[in-house]
Amino acid sequence: MIPFSPPRIDQKIIDEVTDTLKSGWITTGPKTKLFEKKLTAYCGHKSTLCVSSATAGLELILRWFGVGEGDEVILPAYTYSATANVIVHCGATPVFADVNSTDFNINVAEIERLITKKTKVIMPVDFAGLPCDYQEINELVRAVDIKKYFCPKTTIQKQLGRILILSDAAHSLGAEYYGMKTGSLTDISVFSFHAVKNLTTAEGGAIALNLPPPFDNLEIYKYLNMFSLHGQSKDALAKSQAGNWRYDIVEAGYKANMTDISASFGLVELARYEQDTLIKRQAIFEQYTNAFSGNSLFQVPIYQTEAKKSSWHVYALRINSISETQRDAIISKIFEQQVSVNVHFIPLPMLSFYRKLGYEILDYPTTYNNFSQEISLPVYYNLSHSGIEKVIVAVKNAVKEVVG
Ligand SMILES: *Cc1c(COP(=O)(O)O)cnc(C)c1O
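Predicted, not measured: the structure shown is a model, and the values here were computed from it. (Residues numbered from 1 in each chain as written. Predicted model: local features only at pLDDT ≥ 70, side-chain atom pairs only at ≥ 80, totals over all residues. Heavy atoms only, no water.)

1. Describing the overall build of the chain
Item 1. Broken down by element type, the chain carries 16 helices and 13 strands.
Item 2. Over its C-alpha atoms, taken along the principal directions, the chain stretches across nearly 75 × 55 × 40 Å.
Item 3. Counting only contacts in the chain whose residues sit at least 6 apart along the sequence, the fraction spanning at least 24 positions is 72%.
Item 4. Taken as a whole, the chain presents about 16800 Å² of accessible surface, with 54% of it coming from carbon and sulfur. (Helix = DSSP H or I, 4+ residues; strand = E, 2+ residues; numbered from the N terminus. Contact = heavy atoms within 4.5 Å. Areas by Shrake-Rupley, 256 points an atom, 1.4 Å probe, with all protein chains shown as cover.)

Structure (structure tokens):
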């Protein structure tokens, strides 16, 4: 069976994790802090806080920005549930925008149509690793006629004076937009290091701070560091120093810190990410595209344009002019040939919880169209050339059987 995206666990990872286990310090400590510095240097934003997941990171930022009841947050209808769930946790209203038919990312004209006096945050999602249209999105929230709608409630909101852009960059570590890496493309971005992501720490995430003046990103880092650790004035490492036991709780914070065990995965993975992981993933994407492009049955994904370069996270193939039922049948026939595939994602308005809140998929026609024709193919470091060929044959056979 060809798996979908197993993590790359080799001797280097095992050695680094073992080193941490033997060091006597397994929770947040020197390796997490080093991983943060390396991420900042790699992406080119201002400061990085590592956390226990992207979900936790997104929620921390919404809460830091003071998002709550009566506020609206705009996000694509086509994303993983985490992006929307955190808005619900804060008591705010998720406002779904339809996506592009070309590349699956949030449609900027839709964002503009949905902005109201209640909009506090926009959460673009870099679907499959392709950066969203950040130039247009950044300009939109700075436009005079959009800014005048903004009703700040907190000191931080007043300081920013406009809608915050919080990028769900769970897929897009290392992706580029006009030569700049995600993390540095907008106000704040959050990466995921979950086991299926390009760079994994088993579970984990990182908040990339890149706020414009007058914000001091280092000060915000310090605040969020405390906010993600009970609101405690000292972390465990600082407290463990001789005589340094006394601490204070400044506010009722959260518990979302990264452990040094996770950071040890991250350090090994990041060191080989650009020159090894991404190169390998790109080669897999290109082998798929060579096989499926120029065939009217298939629509291959966009992963490189003049402005953008993907992180090659999800190979989102579409089968032209099929129904959702046909797509599901094709997937069954692919699995019968010992190949695992996936669907990214089930649109949020189709999930019970969001349906119960009153969202309807009919309102997001492009999202539904993209979803109904989409099949995500396996991409992982140890996928061999012949493995890829096996996937291609399985997909073509399955499509032929179902579509004829
Ligand atoms: C994986 C994923 C998340 C959640 O990441 P975690 O680290 O598991 O919390 C959020 N958004 C998108 C688009 C994802 O794919």
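2. A short note on the sheet that holds strand β10 (residues 298-299)
Item 1. Read from one edge of the open sheet, three strands run β10-β12-β13, paired in antiparallel fashion. The two strands at the open ends of the sheet, each matched to only one other strand, are β10 and β13 (374-377).
Item 2. Bridging between β10 and strand β12 (residues 315-319) involves two bridges; their strand directions are antiparallel. The residue of β12 that forms the bridge with Phe298 is Ile319.
Item 3. Helix-sheet contacts for helix α12 (residues 273-292) involve β10, β12 and β13, and the interaxial angle to β12 is about 10 degrees. (Pairing = 2+ DSSP bridges. Axes fitted to C-alpha atoms, helices over the stretch in contact; angles between N-to-C directions.)

3. Remarks on the pairing of β13
Item 1. Residues Glu374 and Ser376 point to one face of β13 and Ile375 and Leu377 to the other, with burial holding for every one of them.
Item 2. By the bridge criterion, four bridges tie β12 to β13 in an arrangement that is antiparallel. Bridging from a neighbouring strand, Ala316 pairs with Ser376 of β13. (Buried < 20%, exposed > 50% of the residue type's maximum accessible area, 1.4 Å probe, protein only.)

4. Side note on the layout of surface pockets
To find leftover empty space, a probe the size of one water molecule is rolled over the atoms.
Item 1. Considered as a void within the structure, the largest pocket measures approximately 510 Å³ in volume.
Item 2. Residue lining of the largest pocket: 30 residues in total, with Tyr80, His171, His194, Val196 and Lys197 positioned closest to the centre.
Item 3. Secondary structure elements with two or more residues in the lining of the largest pocket: α3 (54-64) and α4 (81-89).
Item 4. No other element matches the three residues that α3 contributes to the lining of the largest pocket.
Item 5. Residue classes in the lining of the largest pocket are distributed as 14 nonpolar, 12 polar and four charged. (1 Å grid on protein atoms, 1.4 Å probe; cavity = no way out; pocket = protein on both sides within 12 Å on 5 of 7 lines; lining within 4 Å. Points joined across faces, edges and corners; volume = space filled by probe spheres on them. Nonpolar A, V, L, I, M, F, W, Y, C, P; charged D, E, K, R; others polar.)

5. Some words on unusual backbone geometry
Item 1. A cis amide bond, omega 10 degrees, links Pro213 with the succeeding residue Pro214.
Item 2. Position of Pro214 relative to the elements: it lies in the loop between β9 (205-209) and α9 (217-227).
Item 3. Going from His344 to Phe345, the amide bond is cis rather than trans, its omega being -15 degrees.
Item 4. Relative to the assigned elements, Phe345 resides in the loop between α13 (324-336) and α14 (352-356).

6. Comments concerning the domain arrangement of the chain
Item 1. Domain boundaries in the chain define domain 1 (11-271) and domain 2 (273-403).
Item 2. Centre-to-centre, using C-alpha coordinates, domain 1 lies 27 Å away from domain 2.
Item 3. Listed per partner, the contact involves 45 residues of domain 1 and 34 residues of domain 2.
Item 4. Across the domain 1 to domain 2 interface the summed buried area is about 3300 Å²; carbon plus sulfur atoms make up 58%. (Domains from an automatic or database assignment. Buried area = accessible area lost by both parts, 1.4 Å probe.)

7. Considerations on the packing of helix α1 (residues 11-23) against helix α11 (residues 260-271)
Item 1. α11 packs onto α1 with a crossing angle of 145 degrees between their chain directions and a minimal axis gap of 9 Å. As α1 runs across α11, the sense of the crossing is right-handed. In this structure, α1 uses Lys12, Ile13, Glu16, Val17, Thr20 and Leu21 to contact α11, whose residues at the interface are Asp260, Ile261, Ser264, Phe265, Leu267, Val268 and Glu269. (Left-handed = near helix turned anticlockwise from the far one by under 90°.)

8. Describing the site of the ligand
Item 1. Contacts to the ligand come from 16 residues, most closely from Thr55, Asp168, His171, Ser192 and Lys197.
Item 2. Between the ligand and Asp168 there is a distance of 2.7 Å, counted from a nitrogen atom to a side-chain nitrogen or oxygen.
Item 3. One of the side-chain nitrogen or oxygen atoms of His171 is found 2.7 Å away from an oxygen atom of the ligand.
Item 4. Protein contacts shield 92% of the accessible area of the ligand, which totals 380 Å² for the unbound molecule. (Near = heavy atom within 4 Å. Polar contact = N/O pair within 3.5 Å; in protein donor to acceptor, adjacent residues only side chain to side chain.)

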